[in-house]
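Architecture at a glance
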Amino acid sequence: MTNSVDKERAIRVIVGNAVRSYANGFSTRHLAEVDNENGVINMKIHNVFIAALGPEIQYFSALARSLDSSLGNMLESMAISIAELNYTVSQHVEGTLYKEQTDYIAELLEQYKRGTNRRKPHIEDYRGISQIIGTAETKRHESDYYLIDEETGMHYLIELKIGGDLDNKKARSEKEALLEQYCILTNRLGEERVKVLFATAYNRYGEGKPWTQGRVRQFFCDEELCISSDFWNLVCKSEHGYEIVIDEYKKNAHFINEALDEIKDAYLPNEE
């Protein structure tokens, strides 16, 4: 078993490498597209309503969208690499699912969704669901994060949204997929060894503050929330995981700033 010092060092190496690699790739990509009208930034700067506000606003508006999206992808990949230090990591679940279970899930989610007399989600809503058996089928689901803790025998099914945005149109289907994965695993492992989590990489309301986003709370209860520090502590398998990740990220953030300066100089060469 890796001791705490070795684990922290390994986490810091992963974070540092991820940030430096991201900064290099982000810079290389956008610098190569300066003269390409179909480039990521150039394709987004032709909004005449933004252009009327001036070239700098036009540029930063386009760059910010690209940065936000690609940075999220980097954090997702980084989290998987860290998790692999401590868990067996998979991104799919496959096995036996009963039609009666899918029927129960569908009815439960309709109760969460209905406009009047809406049911509030609770962890007890799907306790005992593995006892519902009947017509069996084999089903496979892709999963954001399926972590297996070989030491404790726990299995974690995680829906990760970097900033916590749960699309109105996808919220129901994403919880449905998680519950079906839960059934597939609990049919084989039992319910005490499987946990469903909705996770975010940071807390949009401020670290340590309650997560109150209505769309998330419509489908996930308190016990299912794994927000910011809880998520990083889980994937790092350390009560100090969040602090380690954030500290190392800040130490390497200057690489991203330097990349952004390079890109700005290329796209706005006359700016001071």
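What comes next concerns the included structure. (Residues numbered from 1 in each chain as written. Predicted model: local features only at pLDDT ≥ 70, side-chain atom pairs only at ≥ 80, totals over all residues. Heavy atoms only, no water.)

1. Re the overall build of the protein
Test applied: Going along the chain from the N terminus, every DSSP run of H or I of four or more residues is numbered as a helix, and every run of E of two or more is numbered as a strand. Relative accessibility thresholds used throughout: buried, under 20% of the residue-type maximum; exposed, over 50%; partly exposed, between the two (1.4 Å probe, protein chains only). Contact between two residues is taken to exist if any of their heavy atoms lie within 4.5 Å; hydrogens are not considered.
Helices and strands together make up the secondary structure of the protein, namely eight helices and five strands. Counting from the amino terminus, helix and strand elements in the protein follow one another as α-α-α-β-α-β-β-α-β-α-β-α-α. Taken over 272 residues, the protein has a buried fraction of 48%. If you take every contact in the protein between residues at least 6 apart in sequence, the share linking residues at least 24 apart comes to 76%.

2. Quick notes on helix α4 (residues 99–113)
The following threshold applies: Expected helix span is computed as 1.5 Å times (number of residues minus one).
With 15 residues, α4 extends 21 Å from end C-alpha to end C-alpha; this agrees with the ideal 21 Å at 1.5 Å per step. Looking only at α4, the buried set comprises Gln101, Thr102, Ile105, Leu108, Leu109, Gln111 and Tyr112. Here the buried face of α4 lies against β1 (88–98), β2 (136–148), α5 (171–189) and α6 (214–219).

3. Side note on the environment of Ala52
Among the secondary structure elements, Ala52 is positioned in the loop between α2 (48–51) and α3 (55–83). For Ala52, a relative accessible area of 67% gives the class exposed. Separated by 182 residues in the primary sequence, Ala52 and Leu234 have C-alpha atoms spaced 46 Å apart.

4. Points about the pattern of salt bridges
Threshold: The salt bridge criterion pairs a side-chain nitrogen of Lys or Arg with a carboxyl oxygen of Asp or Glu, the two atoms within 4 Å.
Taken as a whole, this structure holds 20 salt bridges when the rule is applied. Of the charged contacts in the structure, one is a salt bridge between Arg172 and Glu110, with a shortest N-O distance of 3.2 Å. A residue pair is termed long-range when its members are at least 10 positions apart, and Arg172 in helix α5 and Glu110 in helix α4 qualify at 62 residues. The buried category is assigned to Arg172, whose relative accessible area is 18%. Here Glu110 falls in the partly exposed class, since its relative accessible area comes to 38%. Two residues, Lys161 and Glu174, come together in a salt bridge whose shortest N-O distance is 2.8 Å. A residue pair is termed long-range when its members are at least 10 positions apart, and Lys161 in the loop between β3 (155–160) and α5 and Glu174 in helix α5 qualify at 13 residues. What emerges from the salt-bridge pattern is a single network uniting Glu8, Arg12, Asp247, Glu248 and Lys251.

5. As for the pairing of β3
Selection criterion: Two strands pair if DSSP finds at least two bridges between them.
Counting buried positions along β3 gives six out of six residues, so the element sits mostly inside the fold. Along β3, one buried face is formed by His155, Leu157 and Glu159 and the opposite face, lined by Tyr156, Ile158 and Leu160, is buried too. Here four bridges tie β2 to β3, and the two strands are oriented antiparallel to one another. The residue bridging Tyr146 from the neighbouring strand is Leu157, located in β3. If you look at the hairpin formed by β2 and β3, you'll find six residues sitting between the two strands, and Gly153 has a positive phi there, around 85 degrees.

6. With respect to the nonpolar core
One recurring pattern in soluble globular proteins: nonpolar side chains tend to sit buried together. Rule in force here: What is meant by a nonpolar core is a set of buried Ala, Val, Leu, Ile, Met, Phe, Trp, Tyr and Cys residues, joined one to another through side-chain atoms within 4.5 Å.
Counting residues in each nonpolar core, the largest one holds 46 residues, and the members touching the most others are Met78, Ile82, Ile158, Phe231 and Trp232. Looking at this core, the elements with two or more residues in it are α1 (4–32), α3, β2, β3, β4 (194–200), α7 (229–236) and α8 (241–267). Here the element with the most residues in this core is α3; it accounts for 10 residues. With residues up to four places along the chain from it excluded, the contact list for Phe231 reads Ala79, Ile158, Leu160, Ala199, Thr200, Ala201 and Cys226. Membership of the second largest hydrophobic core comes to 31 residues, among which are Ile123, Leu166, Leu178 and Leu179.

7. Side note on unusual backbone geometry
Even without being glycine, Asn117 reaches a positive phi, approximately 55 degrees. For Lys237, which is not glycine, the phi torsion reads 50 degrees and is therefore positive. Counting through the fold element by element, Lys237 comes out in the loop between α7 and α8.

8. Regarding the sheet that holds β1
Operational definition: All axes are obtained by fitting lines to C-alpha atoms, using only the stretch in contact for helices, and the reported angles, taken between N-to-C directions, cover 0 to 180 degrees.
Taken together, five strands build an open sheet; the order of strands is β1-β2-β3-β4-β5 and the sheet is mixed. The two strands at the open ends of the sheet, each matched to only one other strand, are β1 and β5 (225–227). Strand-to-strand twist of the sheet, defined as the mean angle between neighbouring strand axes without regard to direction, takes the value 40 degrees. Along the sheet, α5 contacts β1, β2, β3 and β4; its crossing angle with β1, the most-contacted strand, is approximately 80 degrees.

9. Observations concerning the pairing of β2
Where β1 lies against β2, 10 bridges are found, and the strand directions are antiparallel. Bridge pairing links Val89 to Leu147 in β2.

10. Description of a negative patch on the surface
Where we set the bar: Candidate patch residues must exceed 30% relative accessible area and have no salt bridge, after which like charges are joined if within 9 Å and Val, Leu, Ile, Met, Phe, Trp or Tyr side chains if within 5 Å. Only the protein chains shown count as cover for residues, and the accessible areas themselves come from Shrake-Rupley with a 1.4 Å probe. Under this rule, positive means Lys or Arg and negative means Asp or Glu; His and the chain ends count for nothing. By convention, charge coordinates are those of NZ in Lys, CZ in Arg, CG in Asp, or CD in Glu.
Taken together, the side chains of Glu207, Asp230, Glu239 and Glu243 define an acidic patch exposed on the protein surface. Tracing the backbone through its elements, the reader meets Glu243 in helix α8.

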